[in-house]
Amino acid sequence: MSDNPAYSVLDPFRAEVRVFLERHGMTPDEFDQAAAKDENFCADLFAGRRGFESAKLDRIRDWMTARDRDAGYAPPPQLETPAPPPRWMEGAGARDRTFGEYDYDPRIEIYKVMIDSVERGIDRRHALNRFYFSVVVAMFVSISFVLNAENEQFPTRLVVSGALLLAFLNSVLWLSMIFAARRLSASKYDVINELEAGLDYAPFTREWEVHVAKRRNFPQFTLIELLLPATLAILCFVLFILIASGLVSL
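Since the model is a prediction, treat every value here as computed from it, not as a measurement.

Q: Please clarify how the confidence of the model for the chain should be interpreted in this entry.
A: Low-pLDDT stretches of the model should not have their predicted coordinates read in fine detail. Summarising the model, the chain shows a mean pLDDT of 79, and 78% of its residues fall at 70 or more. For the chain, per-element mean pLDDT is lowest for strand β2 (residues 98-99), which scores 42, and highest for helix α2 (residues 28-36), which scores 91. Considering only residues more than four positions removed or in separate chains, one finds that residues 1-7, a stretch of pLDDT under 50, has 21 contacts.

Here you go:
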């Protein structure tokens, strides 16, 4: 992969055009006018620019084949057996039936997948925070209903103690999920940094360098995120001990 890190899906077609120009003694400008009907076609093609529709390339290839046949030339080898892509390129192809949409670099594709994975992980983390917080709120709402119930035979202490215990366990589970998500995010960022080491520009690494250089310090989100479930866990545990031991009467 290091020998050819940016194999383009247009390379076989470029080779065909070059062979055709040499065979017929045609200049790129003449080819543009006769075959492509596009003033800058060869310049864009050989410069590696994007945006060549497959229908247009197929039409030009058919025109070259007919021109070779009329001139008595056999089709060049590239027309019969296009140069196969490297093994790591298998299945890549052009997107949306458009040749040359990009010069395919698998590192870029993996990089985009990792960035998307980080963003999705953050969204899932926020969703989990909302879920666990809703569970704790539901527990305290249930406790308030029990405390307002006017039934002396109702096992108030038992129900409240059980609700507090469940809220405590929920908060502990919430904390463990945050730590797990944090470790997973750290691993993802390590992979992104490794990928950026092989790219021409490393936006995440550069962003952190600018952040440190500008001293734009702010509280880490994870610390703020941990504060709420930790506080709730301590509160639920203390209340559970006080109520279950009878130190607080209900």
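Q: Just to check I follow, could you spell out the packing of aromatic side chains for this structure?
A: The geometry of an aromatic ring pair is captured by the separation of the ring centres together with the interplanar angle, meaning the angle of the planes. Inspection of the entire model under this criterion finds nine aromatic pairs. When the ring of F13 is compared with that of F41, the centres are 6.5 Å apart and the planes differ by 85 degrees; the resulting orientation is edge-to-face. Placement of F13 in helix α1 (residues 11-24) and of F41 in helix α3 (residues 41-46) is noted, with a sequence separation of 28 residues between them. On the basis of relative accessible area, F13 is assigned to the buried category, the value being 2%.

Q: Sorry, what's going on with the pattern of salt bridges here?
A: Two side chains bearing opposite charge may form a pair once their charged atoms approach each other closely. Throughout the structure, instances matching the rule amount to six salt bridges. R61 is the partner of D58 in a salt bridge, and the nearest nitrogen-oxygen pair spans 3.7 Å. Residue D58 and its partner R61 are located together in helix α4 (residues 54-70), separated by three residues, close to a single helical turn. With relative accessibility at 33%, the residue D58 sits in the partly exposed group. Under the relative-accessibility criterion, R61 is labelled partly exposed at 23%. Among the ionic contacts, a cluster of salt bridges with common partners joins E16, D58 and R61.

Cut-off values and rules
Residues numbered from 1 in each chain as written. Predicted model: local features only at pLDDT ≥ 70, side-chain atom pairs only at ≥ 80, totals over all residues. Heavy atoms only, no water. pLDDT = per-residue confidence, 0-100. Helix = DSSP H or I, 4+ residues; strand = E, 2+ residues; numbered from the N terminus. Contact = heavy atoms within 4.5 Å. Phe/Tyr/Trp six-rings, centres within 6.5 Å; stacked < 30°, edge-to-face > 60°. Buried < 20%, exposed > 50% of the residue type's maximum accessible area, 1.4 Å probe, protein only. Salt bridge = Lys/Arg side-chain N within 4 Å of Asp/Glu carboxyl O.

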